[in-house]
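Given next are the chains, with one letter for each unit.
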Amino acid sequence: MKAKKIPKIDYGILWKDFMIVNAALGSSALFVIAVMLLQRYHLIPAFPCFVHEFFNVYCPGCGGTRALFALFHGQVLHSLIYNPAIVLGAVLILYYEAGVLITLIRRNGKVYFYQKCGPLYSYLLIVILFAVIRNWLLIEFQIDLIKDFI
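Residues numbered from 1 in each chain as written. Predicted model: local features only at pLDDT ≥ 70, side-chain atom pairs only at ≥ 80, totals over all residues. Heavy atoms only, no water.

**Remarks on the nonpolar core**
Core analysis: the biggest nonpolar cluster contains six residues, these being Tyr-11, Leu-14, Phe-18, Val-100, Leu-104 and Phe-113. Put simply, the parts of the chain that give this core at least two residues each are α1 (11-40) and α5 (84-106). The element that contributes the greatest number of residues to this core is α1, accounting for three residues. Once you skip the residues sitting within four places of it in the chain, Leu-14 turns out to touch Ile-9, Val-100, Thr-103, Leu-104 and Phe-113. Membership of the second largest hydrophobic core comes to five residues, among which are Tyr-58, Cys-59, Cys-62 and Leu-138. (Core = buried A, V, L, I, M, F, W, Y, C linked by side-chain atoms within 4.5 Å. Buried < 20%, exposed > 50% of the residue type's maximum accessible area, 1.4 Å probe, protein only. Helix = DSSP H or I, 4+ residues; strand = E, 2+ residues; numbered from the N terminus. Contact = heavy atoms within 4.5 Å.)

Next up, the structure:
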């Protein structure tokens, strides 16, 4: 039985990739937050959701802004009700970030994060199921979790 060969970690490339990803995530997050704040205080117009306007149902992204503001105010349960993609996405990003940082700090040859697709596929499945269930509750039982229609 052959021993499993562990690939060597190039810490220089890992550090460079980590910085590039964080610079992109940080600048994107700042841009999105700035646009949301400007829209919230009516300094720029809010763009309507195509799915919401034409089909009168919620798209998977509907409620994301409210979920983000609820999360900023420490209301995790409200954030999950508005749109679980925000909280679950934050958990996935923190998992990856913590694993890469531990790998970079320890430098012992072990990888403390896994680039498996399972968590990402689970995330996407939860987001899609939530969108389907939320619209089913709205259409069948007139239960509106976001309170936009009813």
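Having put the structure on the table, let's press on.
**Points about helix α3 (residues 64-72)**
Considered for burial, the residues of α3 that qualify are Gly-64, Ala-67, Leu-68, Phe-69 and Ala-70. Within two residues after α3, Gly-74 carries a phi angle of roughly 80°, on the positive side.

**What about the environment of Asn-108?**
Mapped onto the elements, Asn-108 comes out in the loop between α5 and α6 (118-141). Relative accessible area serves as the criterion here: at 42%, Asn-108 is assigned to the partly exposed category. Sequence separation between Asn-108 and Ile-9 is 99 residues; the distance between their C-alpha atoms is 9.5 Å. Reaching out from Asn-108, the side chain makes a polar contact with the backbone nitrogen of Lys-110 at a distance of 3.1 Å. (Polar contact = N/O pair within 3.5 Å; in protein donor to acceptor, adjacent residues only side chain to side chain.)

**Examining unusual backbone geometry**
Positioned with a positive phi, Arg-107 is a non-glycine residue whose angle comes to about 50°. Within the fold, Arg-107 resides in the loop between α5 and α6. The phi angle at Gln-142 is positive, at roughly 55°, despite the residue not being glycine. As for its position among the elements, Gln-142 is in the segment after α6.

**So, the packing of α1 against α3**
Orientation of α1 relative to α3, taken along the N-to-C sense of each, is 100°, at an axis distance of 12 Å. Judged by the inter-axis angle, α1 sits roughly perpendicular to α3. Contacts from Ile-33, Met-36, Leu-37 and Arg-40 in α1 reach Thr-65, Leu-68, Phe-69 and Phe-72 in α3. The residue makeup of the contact of α1 with α3, split by class, is six nonpolar, one polar and one charged. (Axes fitted to C-alpha atoms, helices over the stretch in contact; angles between N-to-C directions. Parallel < 35°, antiparallel > 145°, perpendicular 65-115°, else oblique. Nonpolar A, V, L, I, M, F, W, Y, C, P; charged D, E, K, R; others polar.)

**Thoughts on the side chain of Asp-144**
Looking at where Asp-144 falls in the secondary structure, it is placed in the segment after α6. Buried charged residue Asp-144 carries no salt bridge. Nearest counter-charge: Lys-147, at 6.7 Å. Looking at Asp-144, its side chain comes within polar contact range of the side chain of Tyr-58, at 2.4 Å. A distance of 3.3 Å separates the side chain of Asp-144 from the backbone nitrogen of Ile-146, its partner in a polar contact. (Lys, Arg positive; Asp, Glu negative; His and termini not counted. Salt bridge = Lys/Arg side-chain N within 4 Å of Asp/Glu carboxyl O.)

**Description of α1**
Taking 1.5 Å as the rise per residue, α1 with 30 residues should run 44 Å; its terminal C-alpha atoms sit 42 Å apart, in good agreement. Of the surrounding secondary structure, the elements contacted by the buried residues of α1 are α3 and α5. Capping of α1 at its N-terminal end is provided by Asp-10; its side-chain oxygen lies 3.2 Å from the backbone amide nitrogen of Gly-12. (Expected span 1.5 Å × (residues − 1).)

**Notes on the packing of aromatic side chains**
For the structure on display, the rule yields five aromatic pairs. Aromatic pair Phe-69 and Phe-72: ring centres 6.4 Å apart, planes at 85°, arrangement edge-to-face. Here Phe-72 and Phe-69 lie together in helix α3, a separation of three residues that amounts to about one turn. For Phe-72, a relative accessible area of 46% corresponds to the partly exposed category. Pairing Trp-136 with Phe-141 gives two aromatic rings, centres 5.1 Å apart and planes at 90°, and the pair type is edge-to-face. (Phe/Tyr/Trp six-rings, centres within 6.5 Å; stacked < 30°, edge-to-face > 60°.)

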